[in-house]
Amino acid sequence: MATVPLRTNPSTALPPPPPGVAGFSLFFDLDGTLIEIAETPDGVVVEPALLAALGKLADRLPGRVALVSGRSLAQLDQLLGVGTTGRLTLAGSHGAELRIPGADHPAGDRPAALDVASRALDAFAQPRGLLVERKTMGTALHYRQVPAMADEAEVEGARLAAAHGLTLQHGKMLVELRAPGDKGRAIAALLETPAMAGTSPLFFGDDVTDEDGFVACTDAGGDGVLVGPPRATAAHYRLPDVAAVRGWIDRAIEELS
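Residues numbered from 1 in each chain as written. Predicted model: local features only at pLDDT ≥ 70, side-chain atom pairs only at ≥ 80, totals over all residues. Heavy atoms only, no water.

A.B. asks: When you look at the sheet that holds strand β8 (residues 167-171) in this model, what are you seeing that I'm missing?
C.D. replies: Each strand in a sheet pairs with its neighbour through backbone hydrogen bonds, running either in the same direction (parallel) or in the opposite one (antiparallel). Pairing in this open sheet of four strands is antiparallel, and the strands run β6-β7-β9-β8 from one edge to the other. The two strands at the open ends of the sheet, each matched to only one other strand, are β6 (131-134) and β8. Geometrically, the sheet is characterised by an average inter-axis angle of 20° between neighbouring strands, direction not taken into account. Here strand β7 (residues 138-142) runs beside strand β9 (residues 174-178); their pairing, made up of five bridges, is antiparallel. Each residue of the ladder has a partner; that of T139, found in β9, is L177. The sheet strands contacting helix α5 (residues 150-164) are β7, β8 and β9, and the helix crosses β9 at an angle near 10°. (Pairing = 2+ DSSP bridges. Helix = DSSP H or I, 4+ residues; strand = E, 2+ residues; numbered from the N terminus. Axes fitted to C-alpha atoms, helices over the stretch in contact; angles between N-to-C directions. Contact = heavy atoms within 4.5 Å.)

A.B. asks: I keep staring at the pattern of salt bridges and nothing clicks. Help me out?
C.D. replies: Side-chain pairing between opposite charges can occur once the charged atoms of the two side chains come close. This model, assessed by the stated rule, comprises 13 salt bridges. Shared partners join several salt bridges into a network, and the residues in it are D29, K183 and D210. (Salt bridge = Lys/Arg side-chain N within 4 Å of Asp/Glu carboxyl O.)

A.B. asks: Got a minute to help me understand the side chain of T193 in this structure?
C.D. replies: By the element assignment, T193 lies in the loop between α6 (183-190) and β10 (200-205). For T193, a relative accessible area of 16% corresponds to the buried category. (Buried < 20%, exposed > 50% of the residue type's maximum accessible area, 1.4 Å probe, protein only.)

A.B. asks: When you look at empty space enclosed by the protein in this model, what are you seeing that I'm missing?
C.D. replies: Counted according to the given criterion, the structure contains three cavities of 30 Å³ or more. There is about 420 Å³ of room inside the largest cavity. Along the walls of the largest cavity sit 26 residues, with D31, K135, H142, L174 and D207 positioned nearest its centre. Sorting the residues of the lining of the largest cavity by element identifies β8 and β9 as the ones contributing at least two each. (1 Å grid on protein atoms, 1.4 Å probe; cavity = no way out; pocket = protein on both sides within 12 Å on 5 of 7 lines; lining within 4 Å. Points joined across faces, edges and corners; volume = space filled by probe spheres on them.)

A.B. asks: Sorry if this is basic, but what is going on with unusual backbone geometry here?
C.D. replies: Excluding glycine, residues mostly have negative phi values, and the peptide bonds linking residues are mostly trans. Its identity as a non-glycine residue notwithstanding, H94 has a phi of 55°, on the positive side. You can see H94 is positioned in the loop between β3 (89-92) and β4 (97-100). The phi angle at M173 is positive, at roughly 60°, despite the residue not being glycine. Counting through the fold element by element, M173 comes out in the loop between β8 and β9.

A.B. asks: Quick question: what am I supposed to make of the environment of R178 here?
C.D. replies: Take R178: it is sitting in strand β9. The class of R178 is buried, set by a relative accessible area of 3%. Residues R178 and A96 lie 82 residues apart in sequence; the distance between their C-alpha atoms is 9.2 Å. When neighbours within four sequence positions are excluded, R178 is seen to be in contact with H94, L114, M137, G138, L166, T167 and Q169.

A.B. asks: Any chance you could explain the pairing of strand β1 (residues 24-28) here in plain terms?
C.D. replies: Along any regular strand, the residues point their side chains to alternate faces of the sheet. For β1, the tally of buried residues reaches five of five residues, placing the bulk of the element in the interior. Burial along β1 is two-sided: F24, L26 and F28 and S25 and F27, pointing in opposite directions, are all buried. Handedness of the β1-helix α1 (residues 48-60)-strand β2 (residues 65-68) crossover: right-handed. (Right-handed = clockwise from strand over helix to strand, strands pointing away.)

A.B. asks: Even after reading the chapter, I still don't get the packing of α1 against helix α8 (residues 242-256), so can you show me in this structure?
C.D. replies: Describing two packed helices takes the angle between their axes plus the distance from one axis to the other. Packing of α1 against α8 leaves a shortest axis separation of 10 Å and a crossing angle of 35°. Crossing of α1 over α8 shows left-handed handedness. The residues of α8 that touch α1, namely those facing A49, L50, A53, K56, L57 and R60, are R246, I249, D250, A252, I253 and L256. In terms of residue class, the contact of α1 with α8 is made up of eight nonpolar, no polar and four charged. (Left-handed = near helix turned anticlockwise from the far one by under 90°. Nonpolar A, V, L, I, M, F, W, Y, C, P; charged D, E, K, R; others polar.)

A.B. asks: Please explain the environment of A163 as it appears in this structure.
C.D. replies: If you trace the backbone, A163 turns up in helix α5. Taking C-alpha positions, A163 is 29 Å from D42, a pair spaced 121 residues apart along the chain.

A.B. asks: Which parts of the structure should I look at to understand the packing of helix α4 (residues 112-125) against α5?
C.D. replies: Axis separation between α4 and α5 bottoms out at 10 Å; the angle between their running directions is 155°. Considered as vectors, α4 and α5 are oriented roughly antiparallel to each other. The crossing of α4 and α5 is right-handed. Between α4, through A113, V116, A117, A120, L121 and F124, and α5, the contact on the second element is made entirely by E152, A153, E156, L160 and H164. (Parallel < 35°, antiparallel > 145°, perpendicular 65-115°, else oblique.)

Here is the structure:
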């Protein structure tokens, strides 16, 4: 995968993504892109209107609407409901788990080292008031509620990743230890599925964890859409917030009707 440099002038306003989507496959991060980030991972609110919109979009672009998330497939099913996720292509656990409608792609075994490292994160987090979130193929240490602990959390995450041969993933107010995999490779793999082959990918994401997805889309003749305030990014388009993404989806549905 070629390297696409981040833009170095984050104050430069990026244009919104193009309205035409007929020839595209659409990839969306979840937290911070389709739903607002909450104080805790299980505190997010998924509105029925979002589920209805995703269902309509999937009906109009069969097999070409995907969620690409750090959450596991099990978490996505629980949060959105299998009535919605069953109609979407999914890449969970930062790409370590893949599933397309009508077919299962089982994830690899959870590394034993991850369980050992997770117990160490528990011991680190408890006396400091930090939150540990266990996922299928990873464990996240959240410091949103104690932001002064950011540096210590980052150092501990890096130490445990190095000690146990795990991937260290940085996110918004968190560090995560996880099995290998990234959103860019997941998108590249999904673009080889029959429904997506020959289409241009457009990936909407808000976090630094989405940058490899932006690069993968650029490599494949598509592009990335940064959601949120301007910053250095490999994306060439931007929408300001979750509401703007939802509005863009509504317009896309109208165009495809």
